[in-house]
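# Descriptive analysis of the structure
This is what each chain is made of:
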Amino acid sequence: MSDNRQSLSDLGSITGAAQQAAPAAATLGDVMPVNNSGPKPEPMPLREQIIDKQGRAYATGRRKDAVARVWIKPGSGKIVINGRDQEVYFARPTLRLVINQPFGVAERTGQYDVICTVKGGGLSGQAGAVKHGISQALTKYEPILRAPVKAAGFLTRDSRTVERKKYGKAKARRSFQFSKR
């Protein structure tokens, strides 16, 4: 076993020799760059804009038992649901707030007109379905908005639904009231 002790100064001379050898090898074209922190990640390719002949983007939104078909196009910010204005269809301000959330996150409030038809479920589920559909349609019309809308969690379908009633139970899990006599 040989006693091969090296100090920091010896290490400096070794790296100096390696740097002098690198330019000579660089002419051969076989050298990796000195600052090699791995391959540079290429930016993600932007998705294509998907619009129909009328210049609208279409998407389907779902929440609980509600299904919303949503079309968006540039406009003044008018939202029509099942042929009625949003103030008429969703009378509660909280529901109107829910369906306008994607525009707030994308900073596009009042820039798009929305036409949608919604079926099934109650008003809360329908508002969630419209929000999901608007988010999907926005990303199809302007693919650059996908990152902020996805970060807010609006592109993910909320899969929570009501659990079915089981036999021998009053509801899904609730037992019948116990009677002593």
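Our subject is the structure listed above.
Everything numeric in this text was worked out from a predicted model, so none of it was measured. (Residues numbered from 1 in each chain as written. Predicted model: local features only at pLDDT ≥ 70, side-chain atom pairs only at ≥ 80, totals over all residues. Heavy atoms only, no water.)

### Observations regarding the pattern of salt bridges
- Applying the stated rule across the entire model yields six salt bridges.
- Of the charged contacts in the structure, one is a salt bridge between Asp158 and Arg160, with a shortest N-O distance of 2.8 Å.
- According to the relative accessible area criterion, Arg160 is exposed, its value standing at 56%.
- A network of salt bridges, in which partner residues are shared, links Arg63, Asp158 and Arg160. (Salt bridge = Lys/Arg side-chain N within 4 Å of Asp/Glu carboxyl O. Buried < 20%, exposed > 50% of the residue type's maximum accessible area, 1.4 Å probe, protein only.)

### Focus on the sheet that holds strand E4 (residues 84-85)
- What the five strands build is an open sheet, ordered E1-E2-E5-E3-E4; its pairing is mixed. For this open sheet the edge positions go to strand E1 (57-63) and E4, each flanked by a neighbour on one side alone.
- Here three bridges tie strand E3 (residues 79-81) to strand E5 (residues 112-119), and the two strands are oriented parallel to one another. Counterpart to Val80 in the pairing with E5 is Ile115.
- Against the sheet, helix H3 (residues 93-106) makes contact with E3 and E5, and its axis sits at roughly 140° relative to E3, the strand it touches most.
- The sheet contacts of helix H4 (residues 123-141) involve E1, strand E2 (66-74) and E5, and relative to E1 the element is tilted by about 150°. (Pairing = 2+ DSSP bridges. Helix = DSSP H or I, 4+ residues; strand = E, 2+ residues; numbered from the N terminus. Contact = heavy atoms within 4.5 Å. Axes fitted to C-alpha atoms, helices over the stretch in contact; angles between N-to-C directions.)

### Section: the pairing of E1
- Where burial is concerned, the two faces of E1 differ: the one with Ala57, Ala59, Gly61 and Arg63 is buried and the one with Tyr58, Thr60 and Arg62 is not.
- Bridge analysis of E1 against E2 gives seven bridges, and the strand direction is antiparallel. The residue bridging Arg62 from the neighbouring strand is Val67, located in E2.
- If you look at the hairpin formed by E1 and E2, you'll find two residues sitting between the two strands, and Lys64 has a positive phi there, around 50°.

### Describing the nonpolar core
- Ile72 and Ile81 are the most contacted members of the largest nonpolar core, which totals 29 residues.
- Where this core is concerned, the elements lending two or more residues are E1, E2, E3, H3, E5 and H4.
- For this core, the element with the most residues is H4, which contributes seven residues. (Core = buried A, V, L, I, M, F, W, Y, C linked by side-chain atoms within 4.5 Å.)

### Some details on the environment of Arg157
- Mapped onto the fold, Arg157 is located in the segment after helix H5 (146-151).
- Residues Arg157 and Gly133 lie 24 residues apart in sequence; the distance between their C-alpha atoms is 9.7 Å.
- Setting aside its immediate chain neighbours within four residues, Arg157 contacts Arg62, Arg63, Lys64 and His132.

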